[in-house]
Amino acid sequence: MTEPTRPGGTVPQSTAPRGPVLQIGALHPLVEETLAADHSALRLPADARDREDFLDRHAGEVRVAVCSGRTGVDRELMGRLPRLEAVVHFGVGYDGTDAAEAAARGIRMSNTPDVLTDAVADTALALYLDVLRRFSAADRFVRRGEWETTGDYPLTEHASGRRVGILGLGRIGRAVAHRLTALGCEIHYHNRRPVPGAGHRYHGSPAELAAAVDVLVVAVPGGPDSTALVDAAVLDALGPQGFLVNVARGTVVDETALVAALEEGRLAGAGLDVHRAEPHVPPALRRLENVVLLPHVGSATVQTRRAMAELTLRNLRSWLADGTLVTPVG
Ligand code: 8YV
């Protein structure tokens with residue numbers, strides 16, 4: 001087989017069949033069923049020993065891997081799959097895959113952008129409102145019967161018209177900005193580069209952004225470039241009246257620094273859909289009433305997950321048909 005050059009998501013035609021397909025981890029039922037029925041996909045066992053036996057038998061056959069962006073194909077697994085040509089991700093993020101290693105090996109990747117933008121931005125808006133107005137905490141207060149025993153719930157923070165910083169003004173960041181603009185908020189942002197025509201105030205670093213706003217919303221992709229981008233210095237810049245919302249990846253925030261800032265009253269609150277070591281959420285965070293915790297449900301609506309599943313399958317079929325990807329990354 002000719003070594004593919006793959007500019008712009010394409011590879012030269014090859015006479016070798018593209019496949020077999022390997023499923024890694026659990027996926028949306030539509031994806032799992034289609035992989036099994038239409039592609040007789042192999043499935044990587046979860047158990048470490050079974051996985052070794054499986055790889056001894058099948059590693060050399062696999063040409064396409066399908067996985068969630070969080071599970072991905074790490075460097076070690078990539079090293080075990082010598083004929084891997086493409087990784088098709090279910091999800092917009094693909095930080096579970098070693099993108100640098102994939103690029104070095106000429107392995108192409110796809111993700112599922114756009115179809116989940118609204119659902120994730122809705123989640124950011126919900127966390128924003130919840131952490132400032134303490135709706136979840138107030139709900140717990142009613143359920144505990146405290147309204148009847150202790151009287152009215154304490155006053156909370158006004159949510160409309162605040163200064164909000166968006167860390168990462170990509171598709172999701174812009175959709176969050178759009179929603180918060182409707183609440184009369186003043187939007188600031190930090191990106192690696194200013195976004196032409198963004199219409200919002202740019203700041204040169206996460207700390208400068210944090211210092212200028214009341215609420216910092218994290219919407220940057222996960223991965224090595226953004227690990228602990230929100231560190232103790234950024235949290236201190238946000239300050240004791242400041243709030244953090246994270247719908248990106250837990251790895252973007254230094255979780256230890258976040259817990260310390262919250263426990264010591266150096267940050268007013270946090271709304272978190274994502275966590276450093278999911279599904280583990282540190283007990284210290286779970287104890288705090290001024291923290292809203294969601295189990296990574298940003299894109300988890302029936303409609304959005306269905307659209308993500310369909311786009312995942314379109315990428316797979318396109319790759320198998322002619323070596324192109326509908327929504328390539330990298
Ligand atoms: C999903 C996500 O939770 O798209 C992403 O990057 O994190 C979410 O939409 C995930 O991909 C599903 O496993």
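Per-chain numbering applies: the sequence of each chain, read as written, is numbered from 1 onward. It should be noted that, the model being predicted, local features are given only for residues of pLDDT at least 70 and side-chain atom pairs only at 80 or more, the latter also being counted only at that level, while totals for whole chains, interfaces and linings use all residues. The side-chain quantities take in all heavy atoms of the structure and omit both hydrogens and water.

1. Quick look at the overall build of the protein chain
So, point 1. Numbering goes from the N terminus for both helices and strands, where a helix is a DSSP run of H or I of at least four residues and a strand is a run of E of at least two. Within the protein chain one finds 13 helices and 13 strands.
So, point 2. To get the radius of gyration, use the C-alpha atoms; to get the globule rule, take the number of residues to the power 0.38 and multiply by 2.2 Å. Against the globule reference of 20 Å for 330 residues, the protein chain gives a C-alpha radius of gyration of 22 Å, in line with a compact fold.
So, point 3. By its C-alpha atoms, the protein chain is 70 × 45 × 30 Å across when sized along the principal axes.
So, point 4. Contacts between residues were defined by any pair of non-hydrogen atoms, one from each residue, lying within 4.5 Å. The long-range fraction of contacts in the protein chain, counting pairs at least 24 apart against all pairs at least 6 apart in sequence, stands at 60%.
So, point 5. The protein chains shown are the only cover counted for residues, whose accessible areas, like all others here, come from Shrake-Rupley with a 1.4 Å probe. As displayed, the protein chain offers around 15,600 Å² of accessible surface, 52% of which is attributable to carbon and sulfur atoms.
So, point 6. Within the protein chain, one finds 35 positive and 40 negative side-chain charges whose respective centroids are separated by 4 Å. The positive count covers Lys and Arg only, the negative count covers Asp and Glu only, and His and the chain ends enter neither. The location of each charge is read from NZ of Lys, CZ of Arg, CG of Asp or CD of Glu.

2. Topic: the packing of helix α1 (residues 29-39) against helix α13 (residues 302-322)
So, point 1. Every axis in this analysis is a line fitted to C-alpha atoms, fitted for helices over the stretch in contact. Angles between the N-to-C directions lie between 0 and 180 degrees. Running from N to C, α1 and α13 point in directions that differ by 30°, and their axes come no closer than 9 Å. Taken together, α1 and α13 sit at an angle that is classed as roughly parallel. Judged by the twist between their axes, the crossing of α1 over α13 is right-handed. On α13, the residues touching L30, V31, T34, L35, D38 and H39 of α1 are R306, A309, E310, T312, L313, L316, R317 and L320.
So, point 2. Three classes are used, and their members are as follows: Ala, Val, Leu, Ile, Met, Phe, Trp, Tyr, Cys and Pro are nonpolar, Asp, Glu, Lys and Arg are charged, and the others, Gly among them, are polar. When its residues are assigned to classes, the contact of α1 with α13 shows seven nonpolar, three polar and four charged. Roughly parallel covers angles under 35 degrees, roughly antiparallel covers those over 145, roughly perpendicular covers 65 to 115, and oblique covers all other angles. Handedness of a helix crossing follows the sense of rotation of the near helix relative to the far helix, less than a right angle counterclockwise being left-handed and clockwise being right-handed.

3. Points about the site of the ligand
So, point 1. Close to the ligand lie S68, R70, F90, G91, V92, G93, L116, R249, H296, S299, R305 and M308, which account for all nearby residues.
So, point 2. The definition of a polar contact used here is a pair of N or O atoms within 3.5 Å, where within protein one atom must be able to donate a hydrogen and the other to accept one, and adjacent residues in sequence count solely through side-chain atom pairs. The separation between an oxygen atom of the ligand and a polar side-chain atom of R305 is 3.3 Å.
So, point 3. Burial of the ligand by the protein amounts to 91% of the accessible area it has alone, namely 330 Å². Distances are taken per atom, and a residue is near a molecule or strand as soon as one of its heavy atoms is within 4 Å of it.

4. Quick look at the layout of surface pockets
So, point 1. Only protein atoms enter the 1 Å grid used here, on which a cavity is any set of points holding a 1.4 Å probe that cannot leave and a pocket is any open set flanked by protein within 12 Å on both sides along at least five of seven lines; residues with an atom within 4 Å of a point are listed as lining. Grid points are joined across faces, edges and corners, and a volume is the space filled by probe spheres set on the points. As a volume, the second largest pocket reaches approximately 250 Å³.
So, point 2. For the second largest pocket, the full set of lining residues is R70, D95, G96, R249, G250, T251, H275, R276 and E278.
So, point 3. Here the lining of the second largest pocket is composed, by residue class, of no nonpolar, four polar and five charged.
So, point 4. Segment limits for the domains were obtained from an automatic or database-derived domain assignment. Both of domain 1 (5-113 + 303-322) and domain 2 (117-293) provide at least three residues apiece to the lining of the second largest pocket.

5. Quick look at the environment of E186
So, point 1. With respect to the element layout, E186 can be found in strand β7 (residues 186-190).
So, point 2. Sequence spacing of E186 and E61 is 125 residues, and the spatial spacing of their C-alpha atoms is 54 Å.

6. Some points on the nonpolar core
So, point 1. Throughout this description, the term nonpolar core refers to a set of buried Ala, Val, Leu, Ile, Met, Phe, Trp, Tyr and Cys residues connected via side-chain atoms within 4.5 Å. Partly exposed residues are those whose accessible area sits between 20% and 50% of the maximum for their type, while under 20% is buried and over 50% is exposed, using a 1.4 Å probe and protein chains only. Membership of the largest hydrophobic core comes to 46 residues, with the highest contact counts inside it found for Y128, V164 and I166.
So, point 2. It is helix α5 (residues 117-133) that contributes the most residues to this core, seven residues altogether.
So, point 3. No fewer than three residues from each of domain 1 (5-113 + 303-322) and domain 2 (117-293) sit in this core.
So, point 4. The residues touching Y128, leaving out its near neighbours within four places in the chain, are A159, R162, V164, L180, L183, C185, V215 and V245.
So, point 5. Core analysis: the second largest hydrophobic core is formed by 29 residues, L209, V213, L235 and V252 among them.

7. Looking at the sheet that holds strand β1 (residues 21-24)
The pairing of strands in a sheet comes from backbone hydrogen bonds and takes either a parallel or an antiparallel form.
So, point 1. Ordered in space as β2-β1-β3-β4-β5-β13, the six strands form an open sheet in which the pairing is mixed. Each edge of the open sheet is held by one strand with a lone partner, namely β2 (42-43) and β13 (328-329).
So, point 2. Between any two strands, pairing holds if DSSP finds at least two bridges. Bridging between strand β5 (residues 108-110) and β13 involves two bridges; their strand directions are antiparallel. Its bridge partner lying in β13, S110 is registered against P328.

8. Focus on the pairing of strand β6 (residues 163-167)
Side-chain direction in a regular strand flips from residue to residue, so the side chains alternate between the two faces of the sheet.
So, point 1. Among the five residues of β6, four are classified as buried, and the element is accordingly described as predominantly covered.
So, point 2. As paired elements, β6 and β7 share five bridges and run parallel to each other. Across the sheet, residue L167 finds its bridge partner in β7, namely H190.
So, point 3. Place the viewer so that the strands point away; then a crossover is right-handed whenever the path from the first strand over the helix to the second strand goes clockwise. Between β6 and its parallel partner β7, the chain crosses via helix α8 (residues 171-182), and the hand of that crossover is right-handed.

9. Topic: the domain arrangement of the protein chain
So, point 1. Taken domain by domain, the protein chain comprises domain 1 (5-113 + 303-322) and domain 2 (117-293).
So, point 2. Placing the centre of domain 1 and that of domain 2 at their C-alpha centroids yields a distance of 33 Å.
So, point 3. Contacts between the two partners involve six residues from domain 1, matched on the other side by seven residues from domain 2.
So, point 4. Both faces considered, domain 1 and domain 2 share a buried interface measuring about 510 Å² in area, 52% of it formed by carbon and sulfur atoms.
So, point 5. As a working definition, buried area equals the accessible area (1.4 Å probe) given up by two parts on being put together, with both sides summed. On the domain 1 side of the contact with domain 2, R70, D95 and P113 bury the most area, a combined 71% of that side's loss.
So, point 6. A pairing counts as a salt bridge when a side-chain nitrogen of Lys or Arg comes within 4 Å of a carboxyl oxygen of Asp or Glu. Between the two partners, domain 1 and domain 2, sit two salt bridges.
So, point 7. Here R249 makes a salt bridge to D95, at a shortest N to O gap of 2.9 Å.
So, point 8. Counting across the interface, domain 1 meets domain 2 through two residue pairs in polar contact (both at pLDDT 80 or more).
So, point 9. Tallied by class, residues from the side of domain 1 that touches domain 2 come to two nonpolar, two polar and two charged.

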